[in-house]
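# What the coordinates show
The lines below spell out each chain.
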Amino acid sequence: MQLEKIDLREIQLPLIYPFETSFGTTSHRRIMIVRAFDKSGAIGYGECTAPEDPFFNHETIDSAWFVISKFVSHLLAEAKIEKAEQVNNALSRIRGNRMAKGGVECAIWDLEARLENRPLWQHLGGTQTTINSGVSIGLQASLEKLLEKVAIEIEAGYQRIKIKIKPGQDVELVKAVREKYPNIVLSVDANSAYTLADIEVMRELDKYNLLMIEQPLTAGDLVDHAKLQREISTRICLDESITTFNDARHALELGSCKIINIKLGRVGGHSEARQIQNYCADFGVPVWCGGMLEAGIGRAHNIAMSTHRGFTLPGDVSASKRYWEEDIIEPPVTVSENGTIAAPDGLGIGYGVNEKRIEALVVKREEIRL
Ligand code: OSB
Ligand code: MG
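Quick notes on the rules
Residues numbered from 1 in each chain as written. Chains lettered and ligands numbered in written order. Predicted model: local features only at pLDDT ≥ 70, side-chain atom pairs only at ≥ 80, totals over all residues. Heavy atoms only, no water. Buried < 20%, exposed > 50% of the residue type's maximum accessible area, 1.4 Å probe, protein only. Helix = DSSP H or I, 4+ residues; strand = E, 2+ residues; numbered from the N terminus. Pairing = 2+ DSSP bridges. Right-handed = clockwise from strand over helix to strand, strands pointing away. Near = heavy atom within 4 Å. Polar contact = N/O pair within 3.5 Å; in protein donor to acceptor, adjacent residues only side chain to side chain. Areas by Shrake-Rupley, 256 points an atom, 1.4 Å probe, with all protein chains shown as cover. Nonpolar A, V, L, I, M, F, W, Y, C, P; charged D, E, K, R; others polar. Donors = N, O, S within 2.8 Å, 3.2 Å for Na, K, Ca; no water. Axes fitted to C-alpha atoms, helices over the stretch in contact; angles between N-to-C directions. Contact = heavy atoms within 4.5 Å.

Burial along strand β10 (residues 259-262) is two-sided: the residues Ile259 and Asn261 and Ile260 and Ile262 are all buried. Both strand β9 (residues 236-238) and β10 contribute to a ladder of two bridges, which runs parallel. Looking across to β10, one finds that cysteine 237 is bridged to isoleucine 259. Handedness of the crossover is the feature at issue here: the chain leaves β9, passes through helix α9 (residues 245-254), returns alongside β10, and the resulting connection is right-handed. Pairing analysis gives three bridges linking β10 to strand β11 (residues 287-289), with the strands arranged parallel. Bridged to isoleucine 262 within β11 is cysteine 289.

Put into structure tokens, the structure is as follows:
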């Protein structure tokens, strides 16, 4: 592999429904598409998962754009990358900003898989030919609306329902869903909205046979998560807290969680994600693939990552049509009636990229020679 240039394009895509979490509501996505160009003419695709605002973590599409344009590109050029697995190390001088790095790293992995004529998931070492799919349902305007949404997703075959909670909209929601569906696999995601002072809410949630409580406390609070985990029997799953392999190691050593949600962008790409899932698998801790409301390229990378052996729980990787009127890949991601997604046979990410549609949606672009 001989990298010639990368380019960044911002597209804007409206979500079919606004998505509300404890930290805010998203109705229009601004998405950065990254392309990595090889001297041979081959192209790899990545999607940067940094969102519009710094409310999930510190990153945004604009901060990521700046970091890629000013720093990632220079370090890549300096390192004379020959293998995708070198990228993570080559970018290690950049602190944090892992979604910025991850968008580029993923594009280079896709490029390398294409150069080697293989599907990305096989190139990464994935072994599962289908992945298990769950859904993440945002906060709704009413309890009735939430129950309606849950019913639709169960009917569609999804294997796990996750609902968002926040202080004041928690136990009541879980109680209603659990009473209507005593046997479904159900979890909640707080996106860091609670503190240890809310222990009574956690004890209440503990009564509803949840698969997990995702990220109840602030990202840096591994010690408090460990305290909370000792007080409840429901497993804590960490999302925002896990940004590196070492974060995962610390969390497991401290007992801060019993499940980990791996997001490709949040951990800086495929190399770090692979390392985390291997470690968790050896430790007997299940992992699953989280989502950041990705368009098709990000979704395809999530599918490839989810084929690794450690991904034993249904992820948040669901069908394109839950988010987009029309996706930017062809075919769109579809989910079987058993709630599974087949790993694609095609080269690289394995889905066709609809360049015509992307070009029609582009609002900003930058080309960076390496
Ligand atoms: O915490 O998992 C999260 C969406 C945006 C930001 C954070 C999260 C989410 C989701 C949606 O839960 C997952 C998806 O379907 O993409
Ligand atoms: Mg989450």
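Let us look at the site of ligand 1. Near ligand 1 lie 17 residues; those nearest to it are Ser136, Lys164, Asn191, Leu293 and Tyr323. Between ligand 1 and tyrosine 323, the relevant distance is 2.3 Å, taken from an oxygen atom to a side-chain nitrogen or oxygen of the residue. Taking 390 Å² as the accessible area of ligand 1 by itself, protein coverage stands at 97%. Of the residues that constitute the shell around ligand 1, the class distribution is six nonpolar, three polar and eight charged.

Moving on to the coordination of the magnesium ion (ligand 2). Coordination sphere of the magnesium ion (ligand 2), protein contribution only: Asp189 (OD), Glu214 (OE) and Asp239 (OD), at 2.1 to 2.3 Å. Positions of the donor residues of the magnesium ion (ligand 2) along the chain correspond to the pattern D-x24-E-x24-D. Taken together, the positions of aspartate 189 in strand β7 (residues 186-189) and aspartate 239 in the loop between β9 and α9 put the pair 50 residues apart, joining distant regions of the chain. Classification of aspartate 239 by relative accessible area gives buried; the value is 0%.

This part takes up the sheet that holds strand β3 (residues 43-48). Sheet architecture is open: four strands sit in the order β3-β2-β1-β15, paired in antiparallel fashion. Of all the strands in the sheet, just β3 and β15 (362-369) have a single pairing partner and so form its edges. Adjacent strand axes in the sheet meet at a mean angle of 25°, parallel and antiparallel pairs treated alike. Pairing between strand β2 (residues 24-38) and β3: six bridges, direction antiparallel. Considered in β3, the bridge of phenylalanine 37 is made with isoleucine 43. Helix α1 (residues 61-79) rests against β1 (3-21), β2, β3 and β15 of the sheet, and its axis sits at about 15° to β15.

Our next topic: the sheet that holds strand β6 (residues 161-164). Strand order in the open sheet formed by seven strands is β5-β6-β7-β8-β9-β10-β11, with parallel pairing between adjacent strands. Taken across any chain shown, the strands that pair with only one partner, and hence form the sheet edges, are β5 (135-137) and β11. Across the sheet, helix α6 (residues 171-180) touches β6 and β7, and the angle it forms with β6 is around 155°.

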